[in-house]
Every structure is written in structure tokens, then in C-alpha cells.
Amino acid sequence: MAIVSKSLHHSNIAFLLDSTKYVEPENAAFAQLFSGAMGKGARFTDDPVLRAKVLTLPALGLRITLEAGGERPRLRIDDETQAEPDKSSLTGYAIHALRNLFPQTPFVAYGFNYDIFFKTRDVVPIEDIFEEYFDEEAASGADLRDVGIQFTLDKKKSLEVWFVKVVSPMEVAVHLNNHFPTGHLPAATELQSAFIKCYDDSTATMEKFRYGR
């Protein structure tokens, strides 16, 4: 696939916490994360039914979410600014939030998530892709709006989970999760480099996207 442009719509970093050693942070710990100008306009919600806590920080374009109701508690830090990874402070904020909210609870895995839009040079024939999997009569009487594919690449030290959707004749939307099943947190500079590299590497994969007959 010939790519004309690539843009990041959204990104986050998530940590899966060790449920056997989980110590839930007090609400005050969220309020103390960022002070002064960084904390201006902050909003905090606590839903005891869903066991979810959300801290929104407009001044930083950041949202911090703790979801403790699942099998494994998860801390997610979202960058709402749409900044490209090489211009984002997300990794630094994520490390700060993890260490201050969970000084006693280890994590067992972490991951990067990206929502990316690729514009193509050529028209992507969604009907042809659809008909690789379905008889053309499956869409009889209907307009085919989009078509997608999901796959997972096991790279031994990490997993790449891809959701690829052709959303218009010349645009492909991708949700990419780079999952690292380790409780070892790299140094801040290494984490930032990995965050940038995983995003940059997605281009090489999408350039190999073939379609049509």
C-alpha cells in the first residue's frame, strides 16, 4: 500500500497490575499527582460500582483511568492532545502516575495503544476485499461502508494486536496494541524510545498491506 500521509488520532499506555498484591490507592493520591498549573481544572470521578477512578487533567491533555473491576486491575494513561509520540510527554506522565499511585503494587505487563489513520495514494477496493471472504450476495441490497481485518503477531518478547479497517476509498484506520508481558519497567528514555519505535514501525507493516485480486 502506498501511503501518502499518517496521523495519530489517539494514544495511551496501560499497565496490568498484579491482582494478588493489589493495593488500591486512596482518592487523595490522585489529587496529589499533579499540582499548580499542571493540575489546573482537574476533574476526578470515582465509581464504586464499576470500581473505576478517572482523573482528567485539561492542562496536560491527559486522562488517567484505574479500572479495578476486571480479572486484573489496569491503569491507563491517555494522551488527549493527539501529539505524535516523538513530541508527546505521555511516557513520563505514565511512569509518574504508576510510581505514585502504586508504590507497593507490582505490574505484570504494559502496553502501548495507538489509533492511526493512513491516507493512501490509490483507491482501496473494499468490495474486492469483502469478496475475498464472502460471496458477493452476502451484501446484496446493501451498501458496503467499510471492511476490516484483525490479526495478532507473536514476536516472543511482545505481542502486536492489529485492527485494520478500510474506512473510505483512500483511508485506512488502524488500532494497534503493542503488548509487553513483563513486570520490568524500562528506564524513562528507553520507554520513550520504544513508544516512538512501535509507532514508527507500524508504517512498514502497513506498506505491506495488499488488497484486490
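Scroll up for the structure.
A brief look at the structure comes next. Every value quoted in this text rests on a predicted model; they were computed, and no experiment measured them.

### Quick word on the nonpolar core
In terms of nonpolar packing, the biggest core is built from 50 residues, with F15 and I64 touching the most fellow members. Dropping the residues within four chain positions of it, F15 is found in contact with P73, R74, L75, I77, A94, L98, F107, A109, Y110 and L185.

### A few points about the sheet that holds strand 4 (residues 62-67)
An order of 2-3-4-5-1-6-9-8-7 is seen for the 9 strands of this open sheet, with the pairing classed as antiparallel. For this open sheet the edge positions go to strand 2 (43-47) and strand 7 (147-154), each flanked by a neighbour on one side alone. Averaged over all pairs of adjacent strands, the angle between their axes in this sheet comes to 15 degrees, without regard to strand direction. Judged from the 8 bridges that link them, strand 7 and strand 8 (residues 159-168) form a sheet pairing that is antiparallel. Note on strand 8: the bridge partner recorded for Q150 is F163. Running at roughly 40 degrees to strand 6 (residues 107-120), helix 4 (residues 188-206) makes contact with strand 1 (3-17), strand 6, strand 8 and strand 9 (171-180) of the sheet.

### Quick look at the packing of aromatic side chains
The geometry of an aromatic ring pair is captured by two quantities: the separation of the ring centres and the angle between the planes. For the structure shown, the criterion picks out 15 aromatic pairs. Ring centres of F15 and Y110 lie 6.4 Å apart, and the angle between their planes is 40 degrees; this geometry places the pair in the tilted category. Of this pair, F15 sits in strand 1 while Y110 sits in strand 6, and the two are 95 residues apart along the sequence. Given a relative accessible area of 0%, F15 falls into the buried group. For Y110, a relative accessible area of 6% corresponds to the buried category. Between the aromatic rings of Y114 and Y199, the centroid separation amounts to 5.7 Å while the plane-to-plane angle is 35 degrees, which identifies the pairing as tilted. Taken together, the positions of Y114 in strand 6 and Y199 in helix 4 put the pair 85 residues apart, joining distant regions of the chain.

### A few points about the side chain of T65
In this structure, T65 sits in strand 4. Dropping the residues within four chain positions of it, T65 is found in contact with K53, V54, R74, L75 and R76.

### Looking at the packing of helix 2 (residues 90-101) against helix 4
In helix packing, the relevant descriptors are the interaxial angle and the interaxial distance, both defined with respect to the helix axes. Packing of helix 2 against helix 4 leaves a shortest axis separation of 9 Å and a crossing angle of 130 degrees. In terms of orientation, helix 2 and helix 4 fall into the oblique class. Relative to helix 4, the crossing made by helix 2 is right-handed. Every residue of helix 4 that contacts helix 2 at L90, T91 and I95 is listed here: A188, L191, Q192 and F195.

### A short note on the environment of S7
Its place among the elements puts S7 in strand 1. With a relative accessible area of 37%, S7 lands in the partly exposed category. Beyond its immediate sequence surroundings of up to four residues, S7 is in contact with E84, D115, I116, F117 and Y199.

### Examining the pairing of strand 1
Of the pairings in the sheet, the one linking strand 1 to strand 6 comprises 13 bridges and is antiparallel in character. Bridging from a neighbouring strand, A14 pairs with G111 of strand 6.

### Points about the pattern of salt bridges
Applying the stated criterion across every chain, the model contains 12 salt bridges. In this structure, R76 and D78 form a salt bridge, with 2.8 Å as the shortest nitrogen-oxygen distance. Residue classification places D78 among the buried positions, given a relative accessible area of 2%. A salt bridge links K119 to E171; the shortest N-O distance between them is 3.3 Å. Of this pair, K119 sits in strand 6 while E171 sits in strand 9, placing them 52 residues apart in sequence. E171 gets classed as buried once you look at its relative accessible area, which sits at 18%.

About the criteria used
Numbers given to residues run from 1 along each chain, matching the order in which its sequence is written. Totals for whole chains, interfaces and linings use all residues, but because this is a predicted model, local features are given only for residues with pLDDT of at least 70 and pairs of side-chain atoms are given and counted only at 80 or more. Excluded from the side-chain calculations are hydrogens and water; all other atoms, namely the structure's heavy atoms, are used. We define a nonpolar core as any set of buried Ala, Val, Leu, Ile, Met, Phe, Trp, Tyr and Cys residues linked to one another through side-chain atoms lying within 4.5 Å. The classification of residues rests on relative accessible area computed with a 1.4 Å probe and restricted to protein chains. Under 20% of the type maximum is buried, over 50% is exposed, and intermediate values are partly exposed. In what follows, residue pairs with any heavy atoms lying within 4.5 Å of each other are defined as contacts. Should DSSP find at least two bridges between two strands, the strands are taken to pair. Runs of E in the DSSP output that reach at least two residues are strands. Runs of H or I that reach at least four are helices, and both are numbered from the N terminus. To obtain an axis, a line is fitted to C-alpha atoms, over the contacting stretch when the element is a helix, and the angle between two such axes runs from 0 to 180 degrees between their N-to-C directions. Between the rings of Phe, Tyr and Trp (Trp by its six-membered ring), a pair exists once the centres lie within 6.5 Å; its type follows the angle of the planes, with under 30 degrees stacked, over 60 edge-to-face, and the other angles tilted. Oblique is the label for every angle not falling under 35 degrees (roughly parallel), over 145 degrees (roughly antiparallel), or within 65 to 115 degrees (roughly perpendicular). For a crossing to be left-handed, the near helix must be turned anticlockwise from the far one by less than a right angle; the clockwise case is right-handed. Note on definitions: salt bridges are taken to be side-chain nitrogens of Lys or Arg within 4 Å of carboxyl oxygens of Asp or Glu.

These results come straight from atomic positions and should not be treated as a statement about function.
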